[in-house]
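Residue-level listing of the chains:
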Amino acid sequence: MEKRTEAPQPILNVAKYLRSSSSGLNNRQGILNGKRVDYFKGKSAVKALLKESYGRLKEVPRVTNENEACEVLQEVLRYTFFLRVERSGSESGSRNRNLNVTSTQNWGKDQYYVWFYEGSQLMTILGGIGLISIVFAAVLFPLWPPILRDTVWYLSVAILSLFGVFMALAVIRLILFIITMIIIPPGIWLFPNLFEDVGVIDSFIPLWAWEVPKKKDKVHEEDDDEAGGSQIPNRDLRTTVEDGDEEEVYEDGNKKEN
């Protein structure tokens, strides 16, 4: 803590930037001495300092390449805004890793570092004040002026009624679809965009539409036929990402042969 208070303003600004959302730093959750903490990988911080958002900051060390970024981060490390740690296996299948502070504190892109600097607490303080104010206002509801109480009551009834109408509409459209699917397949949806990611007005346009059956992708089947069965069956590729490094593996766990 004493070292952090002695940090020059440019180094403090770097730590504030890395703790902000504009840096895009990939913070993870870990366990250090029984407490939940945030930690990150070194190369993620290097990428954050090479972004345009960092270049637009004032009163920060200039960074033009990875070597300069590592030098700046080594300086931030010296003032204990974060410390280097080692990871161990997760507990009880949890994704949170156990962390242990290492005796050697140096900067490396492939190492892990745990935060001891929380950043600005302004939003947390304002959120706490707002929550307390809402609870306090709710407790004093009987003392509100009659007009204000009536207004809140009408608004709550209107919101609940709107929610009830929405749920009833969802049930009606489902029943209509089941009936039409049996009588005139493939079925008709009332307000087909009701649950789509569109605007409020677009959710009710069009009024109805036929159910669109899902078509099978025949391209891969034709390729398999032309290859005479030379393709490896039932081995779909998927991508796994671990610590920012990507590799393609099969569903059975075997790595793809390049």
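- Per an unreviewed UniProt entry, the protein chain is named Translocation protein SEC62, and its organism is Rhizophagus clarus.
- What UniProt states about the protein chain under its Sequence similarities (unreviewed entry) heading is, verbatim, "Belongs to the SEC62 family."
- According to the UniProt record, the Subcellular location (unreviewed entry) comment for the protein chain reads "Endoplasmic reticulum membrane".

**Some words on unusual backbone geometry**
Now for step 1: A cis geometry characterises the amide bond from Pro 185 onward to Pro 186, with omega recorded as 10°.
Now for step 2: Positionally, Pro 186 belongs in the loop between helix 7 (146-183) and strand 6 (188-190).
Now for step 3: Between Ile 205 and Pro 206 the backbone carries a cis peptide bond, its omega angle lying at -5°.
Now for step 4: Secondary-structure assignment places Pro 206 in the loop between strand 6 and strand 7 (208-210).
Now for step 5: One non-glycine residue, Asn 33, lies in the positive phi region at around 55°.
Now for step 6: Note that Asn 33 resides in the loop between strand 1 (28-32) and strand 2 (35-41).
Now for step 7: With a phi close to 60°, Glu 59 is a non-glycine residue in the positive phi region.

**Digging into the UniProt feature "transmembrane region" (unreviewed entry) in the protein chain**
Now for step 1: Here, the residues flagged by UniProt with the feature "transmembrane region" (unreviewed entry) are residues 122-145 and 151-184.
Now for step 2: Along residues 122-145 one finds 75% helix and 0% strand; the C-alpha atoms at either end are 33 Å apart.
Now for step 3: Secondary structure across residues 151-184 comprises 97% helix and 0% strand; the distance between its end C-alpha atoms is 48 Å.

**Some words on the pairing of strand 2**
Now for step 1: With respect to burial, strand 2 is a largely interior element, five of its seven residues being buried.
Now for step 2: Across five bridges, the pairing between strand 1 and strand 2 is antiparallel. Looking at the pairing, Gln 29 lines up with Asp 38 of strand 2.
Now for step 3: Connecting strand 1 to the antiparallel partner strand 2 that follows it, the hairpin turn spans two residues, and Asn 33 within it adopts a positive phi of roughly 55°.

**Focus: the environment of Arg 4**
Now for step 1: Residue position: Arg 4 is located in helix 1 (residues 2-5).
Now for step 2: Accessibility expressed as a relative area gives 18% for Arg 4, which makes it buried.
Now for step 3: With 113 residues separating them along the chain, Arg 4 and Tyr 117 place their C-alpha atoms 8.5 Å apart.
Now for step 4: Once you skip the residues sitting within four places of it in the chain, Arg 4 turns out to touch Tyr 79, Thr 80, Phe 81, Phe 116 and Tyr 117.

**Examining the side chain of Asp 38**
Now for step 1: Along the chain, the position of Asp 38 falls in strand 2.
Now for step 2: Within polar-contact distance, the side chain of Asp 38 engages the side chain of Arg 19 at 3.2 Å.
Now for step 3: With residues up to four places along the chain from it excluded, the contact list for Asp 38 reads Arg 19, Asn 27, Arg 28, Gln 29, Tyr 113, Val 114 and Trp 115.

Procedures and definitions
- Residues numbered from 1 in each chain as written.
- Predicted model: local features only at pLDDT ≥ 70, side-chain atom pairs only at ≥ 80, totals over all residues.
- Heavy atoms only, no water.
- UniProt positions renumbered as here; feature names shortened; annotations may be inferred.
- Helix = DSSP H or I, 4+ residues; strand = E, 2+ residues; numbered from the N terminus.
- Buried < 20%, exposed > 50% of the residue type's maximum accessible area, 1.4 Å probe, protein only.
- Pairing = 2+ DSSP bridges.
- Contact = heavy atoms within 4.5 Å.
- Polar contact = N/O pair within 3.5 Å; in protein donor to acceptor, adjacent residues only side chain to side chain.

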